[in-house]
Amino acid sequence: MEAKVYTEMCELFTEYLTERKLRKTEERYTIFKEICDFPGHFDVSALSEKLERNNFHVSKATLYNTLDVLVDAGLVVRHQWNAQPVQYELRIYAETHAHLICRKCGMIRELRNGAFTASARGMKISRFTPEYYCLYIYGICSKCRFKERES
């Protein structure tokens, strides 16, 4: 992630914490920095392992609480697909692609399609101001479709 983008996101995080009168702790900022280093989706286990590898020890409760704050601040998006663990993603990354989700096997693939993102950004909705979006497209992947045809 570009240093400028990271700095801007940190400023938004600080503004959010200030407005809500929440503490600006080293743990929150370190967790946020590690999240910004993920190239895409991650779960709490992956985040915890990454922090441990960097010799930064925090409880799972601190991770979950910080993630809740970041989701509420609009900096991180929470995804829940089928029976898989909750996945998180930086909002700026979530807006660049759609998620293709197989109803049979649960496979998730990202689709980077400029037409989808341009359409979503340009939507005008009566009595509603969109802030950001995530697009999920459910269907059946080619492997599962092939298995269906075989049986």
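Rules used throughout
Residues numbered from 1 in each chain as written. Predicted model: local features only at pLDDT ≥ 70, side-chain atom pairs only at ≥ 80, totals over all residues. Heavy atoms only, no water. Buried < 20%, exposed > 50% of the residue type's maximum accessible area, 1.4 Å probe, protein only. Helix = DSSP H or I, 4+ residues; strand = E, 2+ residues; numbered from the N terminus. Pairing = 2+ DSSP bridges. Phe/Tyr/Trp six-rings, centres within 6.5 Å; stacked < 30°, edge-to-face > 60°. Axes fitted to C-alpha atoms, helices over the stretch in contact; angles between N-to-C directions. Left-handed = near helix turned anticlockwise from the far one by under 90°. Contact = heavy atoms within 4.5 Å. Nonpolar A, V, L, I, M, F, W, Y, C, P; charged D, E, K, R; others polar. UniProt positions renumbered as here; feature names shortened; annotations may be inferred.

Visitor: It is not clear to me how the pairing of strand β3 (residues 98–102) should be interpreted in this structure. Could you clarify?
Guide: Successive side chains on a regular strand alternate, one facing one side of the sheet and the next facing the other. With 5 of its 5 residues buried, β3 lies for the most part within the structure. Along β3, one buried face is formed by A98, L100 and C102 and the opposite face, lined by H99 and I101, is buried too. Where β3 and strand β4 (residues 108–111) come together, 4 bridges link them in antiparallel fashion. Within β4, the position partnered with A98 by the bridge is L111. Linkage of β3 to β4, two consecutive antiparallel strands, is achieved through a turn of 5 residues, within which G106 is found at a positive phi near 85°. For β3 and strand β5 (residues 135–139), the ladder comprises 5 bridges, and the chain directions are parallel. Bridged to C102 within β5 is G139.

Visitor: Even after reading the chapter, I still don't get the packing of aromatic side chains, so can you show me in this structure?
Guide: Pairs of aromatic rings are described using the distance from one ring centre to the other and the angle between the two planes. The tally for this structure, following the rule as stated, stands at 5 aromatic pairs. A centroid spacing of 5.3 Å and a plane angle of 65° characterise the contact between F13 and Y29, whose relative ring orientation is edge-to-face. Residue F13 is located in helix α1 (residues 3–19), and its partner Y29 is located in helix α2 (residues 26–36); the two are separated by 16 residues in the primary sequence. The interplanar angle of 40° and the centroid separation of 5.2 Å between the aromatic rings of F13 and F32 together place this pair among those described as tilted. Residue F13 is found in helix α1, and its partner F32 is found in helix α2; the two are separated by 19 residues along the sequence. Residues F13 and F32 agree in their burial class; the two are buried. One aromatic cluster is present, formed by Y6, F13, Y29 and F32 through successive ring pairs.

Visitor: Help me understand the packing of helix α3 (residues 44–53) against helix α4 (residues 60–72) in this model?
Guide: Each pair of packed helices can be summarised by the angle the axes make with each other and by the distance between the axes. Interhelical geometry of α3 versus α4 gives an angle of 115° and a closest axis separation of 11 Å. Here α3 runs over α4; the crossing is right-handed. Residues V44, S45, L47, S48 and L51 of α3 touch α4, and the partners they reach there are K60, L63, Y64 and L67. When its residues are assigned to classes, the contact of α3 with α4 shows 6 nonpolar, 2 polar and 1 charged.

Visitor: Would you take a moment to explain the UniProt feature "binding site: Zn(2+)" (unreviewed entry) in the protein chain for this structure?
Guide: Sites flagged by UniProt as "binding site: Zn(2+)" (unreviewed entry) map to C102, C105, C141 and C144. Judged by maximum C-alpha separation, these annotated positions cover 43 residues in sequence but sit close together in space, the widest gap being only 8.2 Å. Assignment of secondary structure puts C105 in the loop between β3 and β4. On the basis of relative accessible area, C105 is assigned to the partly exposed category, the value being 45%. The buried category is assigned to C144, whose relative accessible area is 9%. Discounting residues that sit within four places of it in the chain, C144 has contacts with C102, K104 and C105.

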